[in-house]
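Here is what each chain is made of, one letter per residue.
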Amino acid sequence: MKGEVVTREKVYGSPKLRVPLPFRFFCPGCHYGVIVRLICEVLEELGIEGRAVGLAGVGCSFGPIPVAIDIDFTACPHGRAPAMATAIKRIHPEAVVFTVQGDGDLGAIGLGCFMNALLRGEKLTTIFLNNACYGTTGGQMAPTTILGMRTTTTPEGRDPRTTGYPLHAAELVATMKGVAYSARCTVHTPGNFRRAKKAVKTAFQKQMDGIGYGFVEFLSACPTNWRLSPPDCLKFISEKMITEYPPAEFKNIDVSELPVEWR
Amino acid sequence: MAERVLIDGNEAIARGAISAGCKHFFGYPITPQNEIPEFMSRELPKIGGVFVQSECEAASVYMVYGGALAGARVMTSTASPGFSLMQEGISYIAEAEVPAVIVNVMRMGPGIGTGGQHGQTDYRQVTKGGGHGAYRCIVLAPYSAQECFDHMQLAFYLADKYRVLVLVLTDFIIGRMAEPVELRTLEFDPLPGKDWALKGKALKDGKRKFFVSAAFNYGGAPPRYYQHMAEVYQKIKDSEIRYEAYREEDATLLVVSYGSSARMAKRAVDMARAEGRRAGLFRPVTLWPFPEEAVQQAACRAGKVLVVEDSPGELVEDVKFAVQGKVPVHLLGIWGRYTPKGGIMTGGSGIIYPENILEEVRGLA
């Protein structure tokens, strides 16, 4: 950016909201840490850290994310974050309420809960972390596991004849009327990080403007369960994940597109 | 004097909640409690509150959990199958130590039961907890529309005071029976503020609150969590046990009953007294904490106990435990549902009429 002084602190420093922790929560090469940073930066830049309330689903987001971001935060039972977020937002409409959920949490056990929050047109934001497996429990098949991908419960690779097909959450979400914004992003290159940050910002803005649900799906590396080195994970994302899950903006409506009587 | 209205127990529950300052209701339709969400959907928007119809009871209970974390007085109501669906969330609410109120208007049987007929078959689940993790909830058992109204105010107070979930257990008859109710506001001691509520740190003292797990709250040490909870539960046992004793001072037979069955039992006691039989009624109002000592003392004074409940026998277990084998305990359970003339009720409907209880009393006192 022109005229901006690029300092070491700006490039390598932690966002103010990132709580310094005495130990590492995430595996080396996991993208969750990057996404936590991204969330912190967005909250700071929007100036909403004082009225933000976060809810994390079960999985690798359960403990680390509430602990790591210096805002009001709660971990939630498996799949139920959208229901809990609904109540918090309805009780405190001035709060900015968001959920951070993994693919097992949002796409399997909590799909009904999530879909119904969308159907109700809640003014919430959801950050969906898709790493194509159940990370915490040891890499079992998730709704987002790619066909042919080996997991601990699909040892021969995911076979659609017995396990069905991957869930395309961002596309599905975009079809729902109550949704104002839906996008899929990655953070596997700096350019994608910047695009993702803009998407998350927009998803929060839609809630703050009262337009509707904001949703951002992240393709996130899981080196431990993919049995790949961190650099190979980046390759896997750019070659395999992106083919199945194209990063794109699937929906972005503003208030003028809402029926006049419901604005 | 406060206004008096003729309303059923379900409406009394809803009105009682609103008079306690509950402005947020999350619920799902199920018979026989539909009058509660219907009333709330009509009345809450008028007072700036929120009614959300959830997609299932599992969602309702998590909305209640979220609402409780947000620091508001929140509730849901359901009936037996829906209450089963809520067990997971109840366990989480207990873990997080947030105050909330859930009403279970019981119907009969496991599974779909009789599809909405009367019964008192959730006693064990409600008092002992159907969820995982050795938690406790306060259980209040109103036996009239007036008590439904009053107990909702008490329930919200106790929930806030101890930061526990309070369950209000009624049944089809209590829920759908209309009686005069005095819309009185009960006075309670002041409560501490909810500085732990999630609403954005700027709206508090600028310090954030976060919740991950109970063990995390207690230094990662589950025994410390359980030690703390044991202290909370002991305080509740020390000061919140409630019961009603009726004509039991000189009784030679103690009838123990709760909810709608206690209404029948009270009538049966009067009928027995008119015949010169010294029967008395003991009615636990808090099912947890259960008035163990009071039951034992009254039972030992009388020398004989008859438990009346519209179930195959659940309350009777608590009574037997309290009495410790010191006096005989008899049960008149759901098979006591004969018509007063002696024919057995064949459908799912029916109640244990006072005449049937009287017959049992005659054999014992």
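Anything mentioned here points back to the structure above.
Residues numbered from 1 in each chain as written. Chains lettered and ligands numbered in written order. Predicted model: local features only at pLDDT ≥ 70, side-chain atom pairs only at ≥ 80, totals over all residues. Heavy atoms only, no water.

This part takes up the nonpolar core. Of all hydrophobic cores here, the largest spans 130 residues; its most connected members are Tyr65(B), Met75(B) and Val319(B). Sort the elements by how many residues they give to this core and helix α7 (residues 145-162) of chain B lands first, with 11 residues. Two domains each donate at least three residues to this core, and these are domain 1 (4-199) and domain 2 (244-364) of chain B. Residues within four places of Met75(B) in sequence aside, it is in contact with Ile13(B), Ala17(B), Cys22(B), His24(B), Phe25(B), Phe26(B), Met40(B), Val64(B), Val101(B), Val103(B), Met152(B) and Phe156(B). The next biggest cluster of nonpolar side chains, apart from the first, holds 36 residues, and it includes Ile65(A), Ile71(A), Phe98(A) and Tyr181(A). (Core = buried A, V, L, I, M, F, W, Y, C linked by side-chain atoms within 4.5 Å. Buried < 20%, exposed > 50% of the residue type's maximum accessible area, 1.4 Å probe, protein only. Helix = DSSP H or I, 4+ residues; strand = E, 2+ residues; numbered from the N terminus. Domains from an automatic or database assignment. Contact = heavy atoms within 4.5 Å.)

As a further point, take the sheet that holds strand β4 (residues 74-78) of chain B. Residue and element names in this part refer to chain B. With respect to topology, 7 strands assemble into an open sheet ordered β3-β2-β4-β5-β7-β6-β13, the strand pairing being mixed. Edge strands, defined here as strands with exactly one partner in the open sheet, are β3 (50-53) and β13 (286-288). Pairs of neighbouring strands in the sheet enclose a mean axial angle of 20 degrees, with direction left out of account. Across 2 bridges, the pairing between strand β2 (residues 24-27) and β4 is parallel. Opposite His24, over in β4, you have Val74 as the bridge partner. (Pairing = 2+ DSSP bridges. Axes fitted to C-alpha atoms, helices over the stretch in contact; angles between N-to-C directions.)

Time to look at the packing of aromatic side chains. The relation between two aromatic rings is expressed through the spacing of the ring centres and the mutual angle of the planes. Following the criterion strictly, the structure yields 18 aromatic pairs over all chains and no others. Consider the rings of Phe23(A) and Phe25(A), whose centres lie 5.0 Å apart with planes at 70 degrees: the pair is edge-to-face. Residue Phe25(A) is classed as partly exposed on the basis of its relative accessible area of 32%. With centroids separated by 5.8 Å and ring planes inclined at 70 degrees, the aromatic side chains of Phe210(B) and Phe216(B) adopt a geometry described as edge-to-face. Lying over the aromatic face of Tyr143(B), Arg263(B) brings its terminal NZ or CZ to 5.4 Å of the ring centre. Here the guanidinium or amino end of Lys266(B) rests over the ring plane of Tyr246(B), the centre of that ring lying 4.9 Å away. (Phe/Tyr/Trp six-rings, centres within 6.5 Å; stacked < 30°, edge-to-face > 60°. Lys NZ or Arg CZ within 6 Å of the ring centre and 35° of its normal.)

A few words now on the interface of chain B and chain A. Listed as interface residues are 35 residues of chain B and, on the opposing side, 34 residues of chain A. With both sides pooled, the region where chain B packs onto chain A buries about 2,600 Å², and carbon together with sulfur makes up 65% of that total. Summed over the three residues of chain B that lose the most area to chain A, namely Glu55(B), Lys201(B) and Arg208(B), the buried surface amounts to 22% of that side. Where chain B meets chain A, there are 5 salt bridges. Between Lys201(B) and Asp70(A) there is a salt bridge; the shortest N-O distance is 3.4 Å. Remark: the boundary between chain B and chain A carries 17 residue pairs in polar contact (both at pLDDT 80 or more). At the level of secondary structure, the elements contributing two or more residues to the side of chain B that touches chain A comprise β2, β3, α3 (57-69), α5 (87-96) and β9 (210-211) of chain B. Counting residues per element, the side of chain B that touches chain A draws most heavily on α3(B), which supplies 8 residues. Of the residues assigned to the side of chain B that touches chain A, the class counts are 22 nonpolar, 5 polar and 8 charged. Across 2 bridges, the pairing between strand β2 (residues 72-75) of chain A and β9(B) is parallel. Directly across from Phe73(A), in β9(B), lies its bridge partner Phe210(B). (Buried area = accessible area lost by both parts, 1.4 Å probe. Salt bridge = Lys/Arg side-chain N within 4 Å of Asp/Glu carboxyl O. Polar contact = N/O pair within 3.5 Å; in protein donor to acceptor, adjacent residues only side chain to side chain. Nonpolar A, V, L, I, M, F, W, Y, C, P; charged D, E, K, R; others polar.)

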